[in-house]
Amino acid sequence: MTNFIPIFPLNVVVYPGEELNLHIFEPRYKQLITECSEQKKSFGIPTVINSKLQDHGTLVQIIEMCKVYDNGEMDIKTQGLQVFRILELIKEIPDKLYSGAIVNYPDNLQQGKPSLMQKVMAGIHDLHRLLKVNKEYKKADEEIKTYDIAHHVGLSLQQEYELLGLFDERQRQEYLKRHLAKVIPTVAVMEQLKEKIKLNGHFKDLPGFNL
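What you are looking at is a predicted structure, and each value in this text was computed from that prediction instead of being measured.

Asker: I would appreciate a short explanation of the layout of surface pockets in the present structure.
Answerer: Gaps between atoms show up when a probe of the same size as a water molecule is rolled over them. Its volume calculated, the largest pocket comes out at about 520 Å³. Along the wall of the largest pocket there are 17 residues; nearest its centre are Gly17, Glu18, Glu19, Lys138 and Asp148. Looking at the lining of the largest pocket residue by residue, the class counts come to four nonpolar, five polar and eight charged. Estimated volume of the second largest pocket: approximately 220 Å³. Considering the residues around the second largest pocket, the lining is formed by 14 residues, among which Pro114, Met117, Asp141, Glu142 and Ile144 are closest to the centre. At the level of secondary structure, the elements contributing two or more residues to the lining of the second largest pocket comprise helix H2 (114-131) and helix H5 (169-199). Take the lining of the second largest pocket: its biggest share by element is four residues, from H2. Its residues placed into classes, the lining of the second largest pocket shows four nonpolar, four polar and six charged.

Right, here's the structure in full:
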């Protein structure tokens, strides 16, 4: 399917199912959000990396208008729906302050491999334990999808965008597994280094070396 959507480019990656809170203050986006709210329309958040608009983004819907300020600024809650690809950017729209795009929606296989996801979740638990981070998810481990945890494994913005461009859950699982395999040993070494630095200057009870 191909259609036109208003767009709100941001320096973030939004995944399907993700909830994102936004404070709207620019006139063009106040107009966009007001229209989408009144007409119950969705809008697109394409990712911006290094000041460059990327080809992919996520269609989002407004799920709550939390607050409208006297100056027209707004606090809103949105939720990601599906990934889109920009076919044509429409910078100027008659009588609109915001831009839009002609997009399509790539087929996105959601069925992953349970055994592979178990390895991913085990890696995430190891990473969070090393970092002393306590993260609770709304779903049981066996129900979690890669989109649910992609923001919680230490990916850079570029890596998060690369994951957005994978349209098979098994590929996304493999991507996260490889990332965790690289980052966990590095974090483990850094934690050991931190402990050594903490001990520096303390009285040390060390046995002598027998010659």
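Asker: Please explain helix H1 (residues 27-39) as it appears in this structure.
Answerer: Each α-helix turn comprises 3.6 residues. Residues three or four places apart therefore point the same way. For H1, built from 13 residues, the straight-helix expectation of 18 Å at 1.5 Å per residue is met to within 8% by its first-to-last C-alpha distance of 18 Å. Of the residues making up H1, those classed as buried are Tyr29, Lys30, Leu32, Ile33, Glu35 and Cys36. The inward-facing, buried residues of H1 contact strand S1 (2-6), strand S2 (19-24), strand S3 (43-49), strand S4 (52-68) and strand S5 (74-90). Trailing H1 by a residue or two, lysine 40 shows a phi angle of about 55°, which is positive.

Asker: What exactly am I supposed to notice about H2 here?
Answerer: Over its 18 residues, H2 runs 26 Å from end to end, which matches the ideal 26 Å to within 8%, given 1.5 Å per residue. Looking only at H2, the buried set comprises Leu116, Met117, Val120, Met121, Gly123, Ile124, Leu127 and His128. Along the axis of H2, the buried residues cluster in a sector spanning 160°; they form a single face. Exposed side chains of H2 directed beyond 90 degrees from the buried face belong to Pro114, Gln118, Lys119 and Arg129. Two residues or fewer after H2 comes lysine 132, characterised by a positive phi angle close to 60°.

Asker: Is there a simple way to explain the packing of aromatic side chains in this structure?
Answerer: The description of an aromatic ring pair rests on the distance of the ring centres and on the angle between the ring planes. Evaluated as defined, the whole model comprises three aromatic pairs. Ring plane angle 15° and centroid distance 4.0 Å describe the contact between phenylalanine 8 and tyrosine 29, whose orientation is recorded as stacked. With phenylalanine 8 in the loop between S1 and S2 and tyrosine 29 in helix H1, the pair connects residues that are 21 residues apart, well separated along the chain. The buried category is assigned to tyrosine 29, whose relative accessible area is 7%. Taking the centre distance of 5.4 Å and the plane angle of 25° together, the rings of tyrosine 15 and tyrosine 147 count as stacked. In this pair, tyrosine 15 sits in the loop between S1 and S2 while tyrosine 147 sits in helix H3 (residues 146-149), placing the two residues 132 residues apart along the sequence. Accessibility classification places tyrosine 15 together with tyrosine 147 in one group, the buried group. Three or more aromatic residues joined by ring pairs form one cluster here, namely Phe8, Tyr29 and Phe43.

Procedures and definitions
Residues numbered from 1 in each chain as written. Predicted model: local features only at pLDDT ≥ 70, side-chain atom pairs only at ≥ 80, totals over all residues. Heavy atoms only, no water. 1 Å grid on protein atoms, 1.4 Å probe; cavity = no way out; pocket = protein on both sides within 12 Å on 5 of 7 lines; lining within 4 Å. Points joined across faces, edges and corners; volume = space filled by probe spheres on them. Nonpolar A, V, L, I, M, F, W, Y, C, P; charged D, E, K, R; others polar. Helix = DSSP H or I, 4+ residues; strand = E, 2+ residues; numbered from the N terminus. Expected span 1.5 Å × (residues − 1). Buried < 20%, exposed > 50% of the residue type's maximum accessible area, 1.4 Å probe, protein only. Contact = heavy atoms within 4.5 Å. Arc of directions from axis to C-beta. Phe/Tyr/Trp six-rings, centres within 6.5 Å; stacked < 30°, edge-to-face > 60°.

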